[in-house]
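Single-letter residue listing:
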Amino acid sequence: MSYSQQNNPYARQQDQYVQQGQAQAPAYAQQQQQQQHGFPPQAHQAYGTQGGTAYAPPQGPVYQEDSEKFQPASKYKDLWAAIVFLVTMLVWIVVVVTGLRHIKSTNNNTNPGDANSADGTFVVPPVGTIVGILAASVGTGLILSVVYFVCMQRFAGKLIKASLILNVLILVALAAVFAAERQYLACVIWLLMAGLSAYIFWSWRYRIPLAKILLKTVTSVTGQFPATLLIGVIALVLSSIFNALWIASFAGMMQYFDFNNTSSAFRYLTIVFMLFAIYYASQVISNVVHVTVSGLFATYYFLGQPGGPQGKVTIPVSNPTAASAKRAMTTSFGSICFGSLVIAILQTIRAMLRMAQNSAAGDNNPGAALCAACAGCCLGMIEQLVQYFNKWAFVQVAVYGKDYIQAAKDTFALVHSKGIDAIINDQLIGSVLGMGGVVVSLICGFVAFVYVRASPEIPSDAQHYALFIILAVLVGGAEFFVLSNVIDSGAAATFVCLAEDPEALRRTKPQLYDAIYATYPQIAEQQRIAAAASRDAELVRQELEELRTLMSQQMGGCGPLLSNGDQSGIHSQQRTPDSDNDKVIVAEKDEDFEDDNVDPEPPHRTPRPLVVVKTVVKDPG
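Sequence positions are assigned chain by chain, starting from 1 and proceeding in written order. Only residues with pLDDT of 70 or above have their local features reported here, since the model is predicted, and side-chain atom pairs are shown and tallied only from 80 upward, although totals for entire chains, interfaces and linings are computed over all residues. Working from all heavy atoms in the structure, the side-chain values ignore hydrogens and water.

### A short note on the confidence of the model for the protein
Point 1. On a range of 0 to 100, pLDDT expresses the predictor's confidence in each residue. Of all residues in the protein, 70% have pLDDT values of 70 or greater, and the mean over the chain is 75.
Point 2. Below pLDDT 50 for its whole length, residues 105-120 participates in five contacts with residues either more than four positions away or in separate chains. Contacts are residue-level and defined by heavy atoms, with any inter-residue pair within 4.5 Å sufficient.

In structure tokens form, the structure reads like this:
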């Protein structure tokens, strides 16, 4: 087994079925035999040579010239980054324990009766009332998320158009508000943004059918494997616990600094480290979910077979979500930590710039504050670009098990060839998810407003309304955030697999392939190019064989002048005979012949040049 196959779980799984001849995957052996003849071309023919490396696709033969470039490496990728993350978490635990201890000691010296303000402006409701508000918010968010999920399955195209139109209407409404306030410059800016959004909607209208098919497919797979949502819920709970501990420990450390009169340098370093720790942990948790979901969708793409019960796609892998999560937490965990470390460093530097900006503003130094603000703005744009890039790089990690650097190189190749299509598709699906998050959050906030208004135990003032409405909005948004993350990761993984190996989809799910091809014929471009190159090479080989036969006959049976595979005689330079006894034999082959067994060429194929073979031979006489 080659190195490429060893590091590709889907290739290993398929090879196992081919070797064992299991009945649940009877078509794989035949597919392997067909692919050994050179067609269909595989994804690594287009991307395998980027950066001097190559990876075999999840299906198809492994080309020896690519496999020889590799040597067996460690099973765990980017192990050093995983060690850095674990060390960071150990140090953070020490900080948390220290902070929590000082919160406890400080609370012992305070009066519990000071919890509510003396003037009674804020009243803490009974526990039952708070639980009721939370239950109403959680229940509303769950029901609305499920309803929106079903709508995405059945009305994907209409939701995409509605989200784009709604975006334009919101921008126009904001422009009208600023116009009513006589802030005409802001009104013009918002009108320009509305016009740009309308132009984008009009320009992208031909891309909506592809986004519609992908959205329906992703929601269907998510419904068939609800464990992906469970992974998202677990990550949400872990993030909430981590954030709560961070807030409590941060408050405790500030009290520790006040009581012990520590130096400002130590205080600053502690704050920076705690910010780095929360950024790092949040990125790792989010990216583990992303890689897990992407791995599941890659399993569906390459191994899923139609014809299951109730029209479902069957996957010959037991519990594919758990298998993908295992890879994300073991062999690919270092790569996840590597990519997350890059974002965490950028976020920490931005936080330091914000602190410097606030400090300069407090010292009445507008120049330094302006410089810090500009640097933070530029760094924020870089952070957003890297974070968006990581989204696609982690799909490479999930699908092929690559290390982060190799995944980044291959992502650059993907962006070079399919970048615009990926961005448009991502934005169209993202608009639907964004609209759903806004709708669910606002309705949850309205439910909390009604609950507070109807409850006699909560004062009906702006302070109490704002607190519980914001709480309900956050709860509803967090619930939908789990669903949207799964859908977004699944759509990204499906697009990457489709861009790199569309032939796998044609073999396993031909109906879905035909539907995508009808709206996005560019998926066959790679196959057409590779097939044309293969046919060209075969025609040249046939011409050389005919030329060798012709030359052998003219030499009177002296044997073949060119050995098989020797193409040294094909060149464009003239050669002068060494003596008068030398003869120059020139064979020219016209390209106007056609092979009945060759498939028709693409309509705009560039004609191949005339093949001229010049060989100098000695006159035997």
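Past the structure itself, the notes keep going.
### A short note on the layout of surface pockets
Point 1. In this analysis the probe radius is 1.4 Å and the grid spacing 1 Å, with only protein atoms considered; a cavity is a set of points the probe fits into but cannot get out of, a pocket is an open set with protein on both sides within 12 Å along at least five of seven lines, and lining residues have an atom within 4 Å of a point. Grid points are joined across faces, edges and corners, and a volume is the space filled by probe spheres set on the points. Roughly 880 Å³ of internal volume is contained in the largest pocket.
Point 2. Together, 30 residues line the largest pocket, and Ser286, Gln387, Phe481, Asn485 and Asp488 are the ones closest to its centre.
Point 3. Listed by contribution, the elements that provide at least two residues to the lining of the largest pocket are helix H11 (227-260), helix H12 (264-303), helix H15 (366-400), helix H16 (404-454) and helix H17 (462-500).
Point 4. Side-chain classes follow a simple rule in which Ala, Val, Leu, Ile, Met, Phe, Trp, Tyr, Cys and Pro form the nonpolar group, Asp, Glu, Lys and Arg form the charged group, and the remainder, Gly included, forms the polar group. Considering only residue class, the lining of the largest pocket consists of ten nonpolar, 17 polar and three charged. The helix count covers DSSP runs of H or I at least four residues long, the strand count covers runs of E at least two residues long, and both are numbered beginning at the N terminus.

### Observations regarding the packing of aromatic side chains
The description of an aromatic ring pair uses the distance of the two centres, along with the angle that the planes make with each other.
Point 1. Only Phe, Tyr and Trp rings take part, Trp by its six-membered ring, and two of them pair if their centres are within 6.5 Å. Stacked means planes under 30 degrees apart, edge-to-face means over 60, and tilted covers everything else. Here the structure, examined in full by the defined rule, presents 19 aromatic pairs.
Point 2. With a centroid separation of 4.9 Å and 50 degrees between ring planes, the pair formed by Phe338 and Tyr404 is classed as tilted. Of this pair, Phe338 sits in helix H14 (residues 333-362) while Tyr404 sits in helix H16; the two residues are 66 residues apart in sequence, bridging distant segments of the chain. Both residues of the pair, Phe338 and Tyr404, belong to the buried class.
Point 3. Through successive ring pairs, a cluster of aromatic residues spans Trp80, Phe338, Phe394 and Tyr404.
Point 4. The rule is short: NZ of Lys or CZ of Arg within 6 Å of the ring centre and within 35 degrees of the ring normal puts a charge over the ring. Over the aromatic face of Tyr300 sits the side chain of Lys509, whose NZ or CZ is 4.8 Å from the ring centroid. Buried, partly exposed and exposed residues are distinguished by accessible area as a fraction of the type maximum, computed with a 1.4 Å probe on protein chains only: under 20%, between the cut-offs, and over 50%, respectively.

### Quick word on the environment of Ala491
Point 1. For Ala491, the location among the structural elements is in helix H17.
Point 2. In this structure, the C-alpha to C-alpha distance between Ala491 and Ile429, residues 62 residues apart in sequence, is 8.1 Å.
Point 3. Apart from residues no more than four positions distant in its own chain, Ala491 is found in contact with Val218 and Ile429.

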